[in-house]
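A structural walkthrough
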Amino acid sequence: MRVLVTGASGLLGGAAAARILAAGHNVRTFQRRPSRVEGAEDVAGSITDPRAVASAVEGMDAVVHLAAKVSVTGPLEDFRRVNVDGTRLLLDTARTAGVRNFLFISSPSVAHTGTAISGDGAGAATPELARGHYSATKAEAELAVLAADSSHFQTAALRPHIVWGPGDTQLVERVLARATSGRLPLLDSGAALIDTTYIDNAASAIAAALERMDSIHGRALVVTNGEPRPIGELLAGICAAGGVSGPRLRLPGGVARAAGAVVEKAWEAFGLKDEPPLTRFLAEQMSTAHWFDQRQTQELLGWKPEVSIDEGLRRLKAHYGG
Amino acid sequence: MVTLPGVEPGWSSYLDVPSTAHVDAPGAVNRWHYLDNIDSLPGGSADPDKPTLLCVHGNPTWSYLWRSLLTAGAAAGYRVVAVDQLDMGFSSRTGVFRRLADRVTDLEDFVTAAGISGQIITVGHDWGGVVSMGFAHRNRDRLAGMVLTNTAIHHDDAEAIPAPLRAALHPLVHRWGTQHTKAFLSITHRLASPSLTPEVRRAFEAPYRDSARRAGIANFVADIPASPEHPSHAPLEEIAEGIRSLDVPALMLWGPRDPIFSDRYLEDLCRRLPHAAVHRFERASHLVTEDADVAGTLFRWLGQQADQPVDPETGHTETADNGAFTPMWQLLDELAAGDTAQDAATADMGENGQIKRALSWQELAASVDTLADSLHALGVRRGNRISLMVPPGVDLTVVLYACLKLGAVIVVADAGLGVRGMSRAVKSTSPDFLIGINRALVAAKGLGWPGRRISVEPLPTAQRRLLSIETSIAELLTATPSRGIAADATSAMDPDADAAILFTSGSTGPAKGVVYTHRQLTGMRDTVASTFGLKPGHGLVAGFAPFALLGPALGTTSITPDMDVTAPRTLSAQALADAARAINATVVFASPAALQNVLATEQALTPEGREALSSVTLLLSAGAPVPERLLTALQNILPKASLHTPYGMTEALPVSDIDLEQIRAASADVLAGTVAGAGNGVCVGQPVQGAKIVLSPLNDAGAATGDLTTDPQVTGEILVRAPHVKDRYHRLWLTQQDSARDTGWHRTGDVGHFDAKGRLWVEGRLGHVLATADGVITPVGVEQALEGLEDVTMAAVVGVGPVGTQAVVAVLVTDPPSRQAGLASTARAAAARSAAESAGTSLAAVLTVPALPTDIRHNAKIDRTRVALWAERVLAGGRIPKL
């Protein structure tokens, strides 16, 4: 099978491309910067450029779409251009080009409305209720992808939840940077139960999904390690692996959410580019439970996570030279 | 008609009904509104072999009340017709004052006009219950059954009617409260527990929007015959007497929190219809169909009526085994008549280490007979219920055996339930008499417990009057026996009549009344005697309530140590030793909590005390698991004693037995890993004599649905069969059905497994089983692994999240206990995780708390349901709520 992987310069995209390669498929990667995935054909280009997209999908049997604008702040239009318009462009181009399978890598936040999630399955994406521009635009894109599903063009969405591991800039590096500068807050008791996904497991789930498109098309599936942990314990584990001391600041969750919302607006209003210390989205993520029912996902994908959280933390520690 | 939540569009119908009611002019026709599920039945027609349910609402509701019965009836294939009584609901306003007699005629007119042919089961609520009973009474030829929910048929004119009704009937309040305003409506709807949704409340109010439409509500209230002169008093009495001779199956479903139709009216109905199946939904109130699953219970009952006819005499579906039977007092009377007459039978210890009071066998037998006679003279009759609130000791022993001889049913709800639990328990049994110590009588007065009151000691007149006490045990014992009723006790008794209602500890929901017959009580006596070899000549120290009463039945001399038996931790080592020394006791009964305190006070033992304890050869401790380390420590002060910890429950005690040596052997088997199935739970040994144990394996959701088995290593709900298993639960028909759904077996609600040596290992409560994505997990084995950690004194393992994908959470009490509840430290969490892994379980979270909620009686059974709800909230994020 010839597979196009977009966004392969990111941690998960690169790992997924490598995993698909290892399964014996031909892989072409497509993103703005070189992917540096060994053994893959690397094509540079923007997901919003029709010509680049057309040449990227040419001759492909399947597309795994990870490329997205991932950030906690920024104007909505920027998110929409990449996450919604870019996805629609790729979707239409792939269908026209005769690609058979289209796997969209989404996020559980597309169905998260801010309340606690305890052992739920993957609800339908709700762009109008999703929190933050990233989640709202990913939700819109996911709906478009799933709506395009048909017998000759099979589409599905996989929603890995909080992917982390060595080299991860989204969670691990941020947590460590904040902990180092004493800006890592623990909200409320830090007891909110959170599902996360170790990078290798997220990558193997994507590779497994690609093999099971016949049975999963039309669906969205959440992927996690299936080992929910209290957020406080996770942060402490990551900090310990990175050799820094754990969270010291303790904030009531309600205060943090309110403060996060204010900070978020201020950053946006003043067009600030660097990352705000706290956003409402982040505050919600850190103070309410979100862990998921993995039974259907594991059964449909014929897949189980290979690396436990504890093993993942050991690998993280080794990565930081601990 | 408007669409309403829970009502199918096709159900609402209108019918013009010619009236034959006296109150109407000849030729009058009234328009009725009713709900009818016939269109929802297969083929749109009623099964001619099945009766039609005719449902009659009360005041101020309407047919909407029965919507869940129409839905469930359609699913079960029954036609259900629920009428709006005239002047009520959406039926016409007739403009005349319809009284009870008119309303019964109205209902007959409706049934005729509607062409309902075939058998009918009446269903009634509130004042509609009375109308439905009137219909039942007059239409016996077509009556197939009767269902009553929160209603009443008779009021004792000597007693005041319930206060809320008095208020509604008061001339200053009546029209205003019932018709001019919506007060009566609102108050009734507010009784729902949990609250009605706004849509449902609006639906209940829909037909009563303006004052003119509420005239019926006012008239209904005014038709309550609060005095014998009332025009509806005689018709009511006729129905009340008439139903006594109804022999159709009857079912009563009750919400005991009802401020008006309380347990006293249920009790009255039960006496009129003694064969009725009764279920009290403990937390439900007046609108019981809104608060509890009335429909599901009703159709389950109906389904069962079709299968097995119930013996109308006893309500039993099986005839009891009429084997050899000797009454509980057999040995007592024999020992009183023989050479042993002057030997000590029962004694109480005083604070000074000496016997405070003792009775010989002859004196005990004479006291029992005298008391039985004078209680009979006072009015106590066979089958009367007598609530006993007397601590174990000589007094209780005399009272208890007197009641047994009289055939009165004793009700025992101990103080371990707490005041509210005890109050609920007492009220649920509607006792005819209450015999109690002062504290209990004060509570009885304050909390309005029913029953004529008798104190233990004679009280000063003022106090007696204040607490409405008629007499005292002390006075009754001095009375001259007049009729000698006790003399014929043995020949007059029915071994299969009720003998006792004992309450469960309430550690798993509201305490349940457990009914024993005389035969089952003697079964307990015989099991204890044969399993532990107890017989006349033995002396036993009775520090554990349930067994404390068995002494005279076993023919053993029994002594109550100086302690508050309701607070087991008040038993000191010296008090135990003093009691043992006083009668040269060889046997000790004590609860685990009492033994904890015995160990804690061991240092204060005198040399004589140690000497006395060293003569003890048998210790029995039941009620909660006793840790091996506690028994090992006890062995030092009871060096010659075999230390037994039988397993059982209020419904069957004992079920199995194990002693310290066997516990050690079981622990060794766990370590060696050579016996399949050894481990993961508390080893409770082998079944006691006469008892059989089987398991009903669990499915993936943690429900015990598997075929009964005794295979080792299969985890399932524990079922027991023995001569001393309870007869039934008191007024908990549904609970009884569940517990006895395998004929001849009692489902204990505990889960466990057998090992290859046939020993039973208890793994926890069925309701506390976790259903994770990796399978079912029982809590006890994991808790034991956690309690093996150095600084963990108590652990609860609970599941959070949906069944089938629950996350496993450990909640720990540490030494020293943490001051605040919260996440465990990283180090402790890591230690707990690896301990749990060794027991085969992965923990999602580890929390520490200052203390875990346990039952009052044993201070040992963790309320894991509460812990799970708490953990669920903690782990959802936000502030940590109180546990």
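Fair warning: this is a prediction, and the values are worked out from it, not measured in the lab.

Conventions we followed
- Starting from 1, residues in each chain are numbered consecutively following that chain's sequence as written.
- Each chain is given a letter, starting from A, and each ligand a number, starting from 1, according to the order in which they appear as written.
- The model is predicted, so local features are restricted to residues of pLDDT at least 70 and side-chain atom pairs to those at 80 or more, both for listing and for counting; the totals for chains, interfaces and linings are taken over all residues.
- Numbering of helices and strands runs from the N terminus, with a helix taken as a DSSP run of H or I at least four residues long and a strand as a DSSP run of E at least two residues long.
- Residues are called buried when their C-beta atom has 20 or more other C-beta atoms within 10 Å, exposed when it has 12 or fewer, and partly exposed otherwise; all C-beta atoms are positioned from the backbone.
- Residue pairs are scored as contacts if the distance between their C-beta atoms, which are placed from the backbone, is within 7 Å.
- Radius of gyration: over C-alpha atoms. The globule rule applied is 2.2 Å multiplied by the number of residues raised to the 0.38 power.
- Residue polarity is assigned by list, with Asp, Glu, Lys and Arg as charged and Ala, Val, Leu, Ile, Met, Phe, Trp, Tyr, Cys and Pro as nonpolar; anything else, Gly included, falls into the polar class.
- When DSSP locates at least two bridges between a pair of strands, those strands are taken to pair.
- Note on geometry: axes are lines fitted to C-alpha atoms, helical ones only across the stretch in contact, with angles between N-to-C directions running from 0 to 180 degrees.
- Put simply, angles under 35 degrees are roughly parallel, angles over 145 are roughly antiparallel, angles from 65 to 115 are roughly perpendicular, and the rest are oblique.
- The crossing is said to be left-handed when, going from far helix to near helix, the turn is anticlockwise and less than a right angle, and right-handed when the turn is clockwise.
- Expected span, for any helix, means 1.5 Å times one less than how many residues it has.
- Each direction from the helix axis to a C-beta atom contributes to the arc, which is the arc of those directions.
- Looking at any residue, its pLDDT shows the predictor's confidence there, from 0 to 100.
- For crossovers, right-handed means that the path from the first strand over the helix to the second runs clockwise, given strands pointing away from the viewer.

1. Description of the overall build of chain A
Helix and strand counts for chain A stand at 12 helices and 15 strands. Across the 322 residues in chain A, those meeting the buried criterion constitute 55%. Looking at chain A alone, contacts between residues at least 24 apart form 76% of all its contacts between residues at least 6 apart.

2. Details of the overall build of chain B
When helices and strands are tallied, chain B shows 32 helices and 36 strands. Its C-alpha atoms give chain B a radius of gyration of 30 Å, within 12% of the compact-globule value 29 Å for 883 residues. For chain B, the spread of C-alpha atoms along the principal axes amounts to about 95 × 70 × 50 Å. In chain B, buried positions account for 55% of the 883 residues. Contacts in chain B between residues far apart in sequence, at least 24 positions, make up 69% of those at least 6 positions apart.

3. So, the environment of Ala701(B)
Residues and elements named next belong to chain B. Tracing the backbone through its elements, the reader meets Ala701 in the loop between strand S26 (692-697) and strand S27 (716-721). Between the C-alpha atoms of Ala701 and Ala567, which are 134 residues apart in sequence, the distance is 38 Å. Not counting residues up to four positions away in its chain, the partners in contact with Ala701 are Ala771, Val803 and Gly804.

4. Concerning the interface of chain A and chain B
Contacts between the two partners involve 25 residues from chain A, matched on the other side by 23 residues from chain B. Where the side of chain A that touches chain B is concerned, the elements lending two or more residues are strand S6 (117-120), strand S13 (229-230) and helix H8 (231-242) of chain A. Broken down by element, the residue count for the side of chain A that touches chain B peaks at 3 residues, all from H8(A). By residue class, the composition of the side of chain A that touches chain B is 9 nonpolar, 10 polar and 6 charged.

5. Here's the deal with helix H30 (residues 779-787) of chain B
Structurally, the α-helix is built with 3.6 residues per turn, so residues lying three or four positions apart point the same way. Of all 9 residues that make up H30(B), 8 are buried, and the element is covered over most of its length. Along H30(B), the residues that are buried comprise Pro779(B), Val780(B), Gly781(B), Val782(B), Glu783(B), Gln784(B), Ala785(B) and Leu786(B).

6. Observations concerning unusual backbone geometry
At the junction of Ser193(B) and Pro194(B), the peptide bond is cis and its omega measures out at 0° in the coordinates. Tracing the sequence through the fold places Pro194(B) in the loop between helix H6 (183-190) and helix H7 (198-205). Of note, the bond from Leu653(B) into Pro654(B) is cis; its omega dihedral lies within 30 degrees of zero at -5°. With respect to the helices and strands, Pro654(B) occurs in strand S24 (residues 652-657). Phi is positive for Arg36(A), which is not a glycine, with a value near 60°. Mapping Arg36(A) onto the fold places it in the loop between strand S2 (26-31) and strand S3 (41-44). Of note in this structure, Asn150(B) is not a glycine but carries a positive phi near 25°. Tracing the backbone through its elements, the reader meets Asn150(B) in the loop between strand S6 (143-149) and helix H4 (163-169). Classification of Asn150(B) as buried rests on a count of 29 C-beta atoms within 10 Å.

7. So, the sheet that holds strand S34 (residues 807-814) of chain B
Residues and elements named next belong to chain B. Taken in spatial order, the 4 strands make up an open sheet running S33-S34-S36-S35, and their pairing is mixed. Two strands in the sheet have a free side with no partner beyond their single neighbour: strand S33 (792-800) and strand S35 (822-823). Here S33 runs beside S34; their pairing, made up of 8 bridges, is antiparallel. The partner of Val800 across the bridge, within S34, is Ala807. Sheet contacts for H30: S33 and S34; angle to S33, the most-contacted strand, approximately 145°.

8. Brief notes about the packing of H30(B) against helix H31 (residues 826-838) of chain B
All names here are of chain B. The contact between H30 and H31 brings their axes to 8 Å, and the two run at 135°. Here H30 lies oblique to H31, going by the angle between them. In the packing of H30 onto H31, the handedness of the crossing is right-handed. On H31, the residues that touch Val782, Ala785 and Leu786 of H30 are Ala832, Ala835, Ala836 and Ser838. Taken together, the residues of the contact of H30 with H31 sort by class into 6 nonpolar, 1 polar and no charged.

9. Observations regarding H31(B)
Residue and element names in this part refer to chain B. Helix length check: H31, at 13 residues, gives a terminal C-alpha distance of 19 Å against a target of 18 Å (1.5 Å per residue), a fit within 8%. Every buried residue belonging to H31 is among Ala829, Ala832, Arg833, Ala835 and Ala836, and all of these are buried. Take H31 and look down its axis: the buried residues cluster within an arc of 165°, on one side only. Relative to its buried face, H31 has exposed residues pointing more than 90 degrees away, namely Ala827 and Ser838.

10. Quick notes on the sheet that holds strand S19 (residues 557-560) of chain B
Residue and element names in this part refer to chain B. Pairing is mixed in the open sheet, where 7 strands are placed in the order S10-S9-S19-S18-S20-S21-S22. At either end of the open sheet lies a strand with only one pairing partner, and these are strand S10 (355-360) and strand S22 (642-644). Across the sheet, the mean angle from the axis of one strand to that of its neighbour is 15°, orientation sign disregarded. Judged from the 3 bridges that link them, strand S18 (residues 539-543) and S19 form a sheet pairing that is parallel. What sits directly across from Gly539, in S19, is Thr557. Packed on one face of the sheet, helix H14 (residues 361-378) meets strand S9 (344-349) and S10 and runs near 80° to S10. Contacts from helix H24 (residues 573-583) reach S9, S10, S18, S19 and strand S20 (587-590), with the element oriented near 155° to S9.

11. A word on the confidence of the model for chain B
All names here are of chain B. Averaged over chain B, the pLDDT score is 92; the fraction of residues at 70 or greater is 97%. When the criterion is pLDDT under 50, residues 310-320 qualifies, and its contacts beyond four places in sequence or with other chains add up to 11 contacts. In the model output, the complex is listed with pTM 0.89 alongside ipTM 0.89.

12. So, the pairing of strand S14 (residues 452-455) of chain B
Two faces, one strand: in a regular strand the side chains alternate between the faces of the sheet. Residue and element names in this part refer to chain B. As defined by bridge partners, strand S13 (residues 433-436) adjoins S14 across 4 bridges and the pair is classed as parallel. Bridging from a neighbouring strand, Phe433 pairs with Arg452 of S14. This β-α-β element, S13 to helix H17 (residues 438-447) to S14, shows right-handed connectivity. With 3 bridges connecting them, S14 and strand S15 (residues 469-472) associate as parallel partners.

13. A look at the pairing of S2(A)
Residue and element names in this part refer to chain A. Of all 6 residues making up S2, 5 are buried, and the element is well covered by its neighbours. The pairing of strand S1 (residues 2-6) with S2 spans 5 bridges and is classified as parallel. Looking at the pairing, Arg2 lines up with Asn26 of S2. Between the parallel pair S1 and S2, the chain is carried across by helix H1 (residues 11-22), and the sense of this crossover is right-handed.

14. Let's talk about the packing of helix H3 (residues 76-96) of chain A against helix H4 (residues 132-147) of chain A
Residue and element names in this part refer to chain A. It is the contact of H3 with H4, at a shortest axis distance of 9 Å, that shows an interaxial angle of 15°. The angle between H3 and H4 places the two elements in the roughly parallel class. For the element pair H3 and H4, the recorded crossing hand is right-handed. Counted together, Leu76, Phe79, Arg80, Asn83, Val84, Thr87, Arg88 and Leu91 of H3 and His133, Tyr134, Thr137, Lys138, Glu140, Ala141, Ala144 and Val145 of H4 form the full contact between these two elements. Residue classes in the contact of H3 with H4 are distributed as 8 nonpolar, 4 polar and 4 charged.

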